[in-house]
Amino acid sequence: MHCARRSLFNSTRRPQVSGWIARRYKGHSAQDNKNNLVRPTSIFPFLDPPAPEANAAHRYYPRKTAADITTSRSPPTRIKMLTRDFIDDSLYNPNYGYFSKQAVIFSPETDFDFTEMRDHMEFMNVLAQMYKELENDADEVDEVARQVWHTPTELFKPWYGYAIAKYMVSEYKLNQFPHQDLIIYEMGAGNGTLMMNILDYIQKYEPSVYKRTQYNIIEISGKLAERQSERQEVRDLTEQHTCVKIINKSIFDWDIHVPDQCFFLGMEVIDNFAHDVIRYDTETAQPYQGLVSIDDKGDYTEFFEPVGSDPLIARYLATRKQTHYKTPALANPMWYKLLKMLPYAPNLSKAEFIPTKLYAFLEVLKEYFPQHRLVLSDFSELPDAVEGVDGPVVQTRYKGTMVPCSTYMVQPGWFDIFFPTNFEVLRDMYLMVCRDARAGSDKSVKVLTHRDFCERYGEIERTTTRSGENPMLMYYENMKFLIT
Ligand SMILES: C[S@@+](CC[C@H](N)C(=O)[O-])C[C@H]1O[C@@H](n2cnc3c(N)ncnc32)[C@H](O)[C@@H]1O
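Residues numbered from 1 in each chain as written. Predicted model: local features only at pLDDT ≥ 70, side-chain atom pairs only at ≥ 80, totals over all residues.

As annotated in an unreviewed UniProt entry, the protein carries the name Protein arginine methyltransferase NDUFAF7 and comes from Syncephalastrum racemosum. What UniProt states about the protein under its Subcellular location (unreviewed entry) heading is, verbatim, "Mitochondrion". According to the UniProt record, the Catalytic activity (unreviewed entry) comment for the protein reads "L-arginyl-[protein] + 2 S-adenosyl-L-methionine = N(omega),N(omega)'-dimethyl-L-arginyl-[protein] + 2 S-adenosyl-L-homocysteine + 2 H(+)". (UniProt positions renumbered as here; feature names shortened; annotations may be inferred.)

Within the protein one finds 13 helices and 17 strands. Put simply, 74% of the contacts in the protein that link residues at least 6 apart link residues at least 24 apart. (Helix = DSSP H or I, 4+ residues; strand = E, 2+ residues; numbered from the N terminus. Contact = placed C-beta atoms within 7 Å.)

Around the ligand, 23 residues are found, and the nearest of them are T151, G188, G190, I220 and S221. Here the shell around the ligand is composed, by residue class, of 13 nonpolar, seven polar and three charged. (Near = placed C-beta within 6 Å. Nonpolar A, V, L, I, M, F, W, Y, C, P; charged D, E, K, R; others polar.)

Another point: helix α8 (residues 311-322). One turn of an α-helix holds 3.6 residues; hence residues three or four places apart share an orientation. For α8, spanning twelve residues, the distance from its first C-alpha to its last is 17 Å, which sits close to the expected 16 Å at 1.5 Å a residue. Two residues or fewer after α8 comes H324, characterised by a positive phi angle close to 65°. (Expected span 1.5 Å × (residues − 1).)

Reading across from one edge, β14-β13-β15 is the order of the three strands in this open sheet, with antiparallel pairing throughout. Both outer strands of the open sheet, β14 (401-404) and β15 (416-418), are each paired with one neighbouring strand and no more. Neighbour-to-neighbour, the strand axes of this sheet turn through a mean angle of 30°, independent of strand direction. (Pairing = 2+ DSSP bridges. Axes fitted to C-alpha atoms, helices over the stretch in contact; angles between N-to-C directions.)

Here M81 shows up in strand β1 (residues 79-82). Overall, M81 belongs to the buried group, with 24 C-beta atoms counted inside 10 Å. Separated by 17 residues in sequence, M81 and K64 place their C-alpha atoms 5.4 Å apart. Beyond its immediate chain neighbours, meaning those up to four positions away, M81 contacts K64, T65, F86, L291 and V292. (Buried ≥ 20, exposed ≤ 12 C-beta atoms within 10 Å, placed from the backbone.)

Once that is clear, we can look at the packing of helix α4 (residues 159-175) against helix α5 (residues 193-205). With their axes 8 Å apart at the nearest point, α4 and α5 run at an angle of 55° to one another. Here α5 runs oblique to α4, going by the angle between their axes. The two elements α4 and α5 cross, and the hand of that crossing is right-handed. Counting all contacts with α4, which are made through G161, Y162, I164, A165 and V169, the residues of α5 involved are T193, L194, N197, I198, Y201 and I202. (Parallel < 35°, antiparallel > 145°, perpendicular 65-115°, else oblique. Left-handed = near helix turned anticlockwise from the far one by under 90°.)

Below, the discussion takes up the sheet that holds strand β5 (residues 213-218). Strand order across the open sheet formed by seven strands is β6-β5-β4-β7-β12-β17-β16, with mixed pairing between neighbours. Unpaired on one side and paired on the other, β6 (244-247) and β16 (446-449) mark the two borders of the sheet. On average, each strand axis in the sheet is tilted by 15° relative to the strand beside it, whichever way the strands run. As defined by bridge partners, β16 adjoins strand β17 (residues 479-483) across four bridges and the pair is classed as antiparallel. Residue pairing in the sheet places V447 in a bridge with L482 of β17. Sheet strands in contact with α5 are β4 (182-187), β5, β6 and β7 (262-267), and its direction is about 175° off that of β5. The sheet strands contacting helix α11 (residues 423-434) are β16 and β17, and the helix crosses β17 at an angle near 15°.

Turning next to unusual backbone geometry. Residue K157 is joined to P158 through a cis peptide bond whose omega torsion reads 0°. Tracing the backbone through its elements, the reader meets P158 in the loop between α3 (152-155) and α4. For the bond from F177 to P178, the omega torsion is 5°, close enough to zero to count as cis. If you trace the backbone, P178 turns up in the loop between α4 and β4. A positive phi is found at D390, a non-glycine position, where the angle reads about 55°. Turning to its location among the elements, D390 is positioned in the loop between β12 (372-379) and β13 (393-398). With 22 C-beta atoms packed within 10 Å, D390 lands in the buried category. Of note in this structure, D436 is not a glycine but carries a positive phi near 50°. The topology assignment puts D436 in the loop between α11 and β16.

For the pair α4 and helix α12 (residues 450-457), interaxial distance at closest approach is 9 Å and the crossing angle is 70°. Classified by the angle their axes make, α4 and α12 are roughly perpendicular. In this structure, α4 contributes A163, K166 and Y167 to the contact, and α12 contributes F453, C454 and Y457. Considered class by class, the residues forming the contact of α4 with α12 number five nonpolar, no polar and one charged.

Attention now goes to the environment of R84. Inspection of the secondary structure puts R84 in helix α1 (residues 83-92). Residues R84 and I313, spaced 229 residues apart in sequence, show a C-alpha to C-alpha distance of 10.0 Å.

Our focus in this paragraph is helix α10 (residues 356-368). An ideal rise of 1.5 Å per residue puts 18 Å on 13 residues; α10 measures up with 18 Å between its terminal C-alpha atoms. All of the buried residues along α10 are T356, K357, L358, Y359, F361 and L365.

To continue, consider the confidence of the model for the protein. On average, residues of the protein score 85 in pLDDT, and 84% of them reach the 70 mark or higher. Confidence drops under pLDDT 50 across residues 6-54; counting only partners more than four residues distant or on other chains, this segment forms 99 contacts. (pLDDT = per-residue confidence, 0-100.)

Given below as structure tokens:
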């Protein structure tokens, strides 16, 4: 069963994008070769009207990054930004970004006893009821739409955390015990559930390892960092884990060198790392990078310029080239040749979303955590995504329903924007950035499906229902792990 973490119980049909949702998106940009502005592809370009004159004003707008506008109280106008800066600002701006609004991670008060349930449908029904109650509460409390995330960590607690603990402890005992401490860093710990489950497991089943365990959380959200501390405080003093340290900062602001061997965890965090958008010249295959300009009325225009001015995009593409990756955006040259014969033919390929912030994260790992072992899990595919290679899901909750959109250029702060990850490309890029190794050269760097990982390390009988169905294995088929 494929899951998009925030729409498990809602329709995933794509409604018509209403003015309310994308009220500011203009759509096509215009062709202006003098300024390297290029008209993107449309599926049926012969049906499109001639491109309008380029909005000349945006040539003179100042170019900003997300970091330049962190102090803005509201989304700025009369500027232009790379796509990743636009998305980064929409999600993370401290004043109006999506993450600065209240986001709730669904966490059932008690753990489910799967062995007592008839089958997975019973589990679905129980969940749907709990989720509905939570949504009703949210409507009463909040004026703005609020997101409710449900993650495997929360739905299958403590068994999912136990599986990750079991994996780490077995690797640690094989390679480091008893000479070194077990040091864990978890980025984006949400409610702190994984941390509690991992430490409970080690304390209960591996007391000698527990004595040597240190657990560090790197959390961007102040509210969630507080919640993670509270998870400990509500426990009896004797049951609190004193080996935990919570650091409230973004992984992209990390500046401490960690020379020790450590495990670095990130569960459902990388999907929000902003991407850039690339299109290729259909004749020369030259890549063009996407920018968004925001005019004085707050209308968005997407336009493209040749890759070169942005060092991160350039580094990403140069490294990816060495993995011999072939972009699906140019997979059909005959189609583009055919299109060329039509009036107003596109001169650029379809869009490809490239994970530039994920690449920057690999660089952080290499620089500050040179001895880490990575455990990363996230979506490998997503339903209802924006068109293009590795396009994101852009959605918000409106009157209790998740509403997906067809563009990322939407009102900043109101929408969750999250991407699928091509784990096979990520593995190859990881090898090049973090191990200075060629793709495929190190078999210890592995991609596993969610099911493979859970079957290998999970206590499967604890998540099996009476009918023999196992929701922990059945759900999240569209998630993968990278372990190194
Ligand atoms: C979808 S939640 C997942 C929470 C938890 N890992 C789970 O699986 O239940 C994403 C988490 O990552 C955090 N996060 C997002 N971007 C981050 C960044 N750049 N640095 C650190 N934490 C980040 C969010 O605040 C949140 O805690």
